[in-house]
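Listed below, chain by chain, are the residues.
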Amino acid sequence: MESRRLATAQEELREAVRKLLDSDDEVKGSEALVDMHDIVDQALSDSKAQLSDGKPADALPPANDAIEALAAIVAALDEGGSGNDEDMFAEQQAGGSEQGGSGQAPAGVVPPAAEVKLLRSMQQSIARRTRELDESSASIDAVQKAQILGELAARQARILELGSKLAEKIGGGAPGPSAAPGMQPGGGADPSDGGIEERRP
């Protein structure tokens, strides 16, 4: 009975988070924030499913994932935590505008510095889940392990895509490959690295 009550509360929280995103079109313009919301939504959905089945212990990992993602969103959008990062991006955008006339990135409620922090949080989450998978691999069957690895690989590819788009936006739309936060230029994960590296031809 208690698990079902908690499942209902999880669904109410999930709906509240969804409404927050839908209430502002400018916020939905940030792909990194939308992706982070999707992570929260899926985690809360998984947690609710486990609670509905009477498995509170299995509901804890996705619930913790949701808490972690929500905390990352708050930290990234916290005006008091913007500091020098936003100054750096403002200088880069201003430089692009001077050189190309129209190179300045469009203003929005989600600044580039906040998107960088969101991508870094996504990368750190993948690194953590990869370590957890490695530590518990002996107790996971091959099919489940392959599913988890496939999910992590898809998320990693998405981070690379978002990192490339963000690097182009920060650089005034200049073409060229870039690495997402925590990624080495060759495509390998580097969980200790939290920045975006942009390489130009």
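Look above for the structure.
Figured I'd write up the structure that's included with this text. (Residues numbered from 1 in each chain as written. Predicted model: local features only at pLDDT ≥ 70, side-chain atom pairs only at ≥ 80, totals over all residues. Heavy atoms only, no water.)

1. Concerning the packing of helix α4 (residues 56–77) against helix α6 (residues 112–135)
Then, number 1: At a closest axis distance of 8 Å, the pairing of α4 and α6 adopts a crossing angle of 155 degrees. As far as their axial angle goes, α6 and α4 are roughly antiparallel. In this structure, the crossing between α4 and α6 has a hand that is right-handed. For the pair α4 and α6, the contacting residues are Asp-65, Glu-68, Ala-72, Ile-73, Ala-76 and Leu-77 in the first and Ala-114, Lys-117, Leu-118, Ser-121, Ser-125 and Arg-128 in the second.
Then, number 2: Looking at side-chain class alone, the contact of α4 with α6 contains 6 nonpolar, 2 polar and 4 charged residues. (Axes fitted to C-alpha atoms, helices over the stretch in contact; angles between N-to-C directions. Helix = DSSP H or I, 4+ residues; strand = E, 2+ residues; numbered from the N terminus. Parallel < 35°, antiparallel > 145°, perpendicular 65-115°, else oblique. Left-handed = near helix turned anticlockwise from the far one by under 90°. Contact = heavy atoms within 4.5 Å. Nonpolar A, V, L, I, M, F, W, Y, C, P; charged D, E, K, R; others polar.)

2. Considerations on empty space enclosed by the protein
Then, number 1: Applying the stated criterion across every chain yields a total of 1 cavity of 30 Å³ or more.
Then, number 2: For the lining of the largest cavity, the elements supplying multiple residues, two or more each, are α3 (31–52), α4 and α6.
Then, number 3: Of the residues forming the lining of the largest cavity, the biggest block, 4 residues, is contributed by α6.
Then, number 4: When its residues are assigned to classes, the lining of the largest cavity shows 4 nonpolar, 2 polar and 4 charged. (1 Å grid on protein atoms, 1.4 Å probe; cavity = no way out; pocket = protein on both sides within 12 Å on 5 of 7 lines; lining within 4 Å. Points joined across faces, edges and corners; volume = space filled by probe spheres on them.)

3. Brief notes about the nonpolar core
Then, number 1: Core analysis: the largest hydrophobic core is formed by 30 residues, its most contacted members being Leu-33, Met-36, Val-40, Leu-118, Leu-119 and Met-122.
Then, number 2: Listing elements by their share of this core, those giving two or more residues are α1 (2–22), α3, α4, α6 and α7 (142–170).
Then, number 3: The contacts of Met-36, once residues within four sequence positions are left out, are Ala-69, Ala-72, Ile-73, Leu-118, Ser-121 and Met-122. (Core = buried A, V, L, I, M, F, W, Y, C linked by side-chain atoms within 4.5 Å. Buried < 20%, exposed > 50% of the residue type's maximum accessible area, 1.4 Å probe, protein only.)

4. Points about the environment of Ser-52
Then, number 1: Locating Ser-52 in the fold gives a position in helix α3.
Then, number 2: Along the chain, Ser-52 and Ser-3 lie 49 residues apart, while their C-alpha atoms are 6.3 Å from each other.

5. Describing α1
Then, number 1: Over its 21 residues, α1 runs 31 Å from end to end, which matches the ideal 30 Å to within 8%, given 1.5 Å per residue.
Then, number 2: Every buried residue of α1 is accounted for by Ser-3, Ala-7, Gln-10, Val-17 and Leu-21. End-on, the buried residues of α1 take up no more than an arc of 85 degrees, which puts them together on one face. Opposite the buried face of α1, at more than 90 degrees from it, the exposed residues are Arg-4, Glu-12, Lys-19 and Leu-20. (Expected span 1.5 Å × (residues − 1). Arc of directions from axis to C-beta.)

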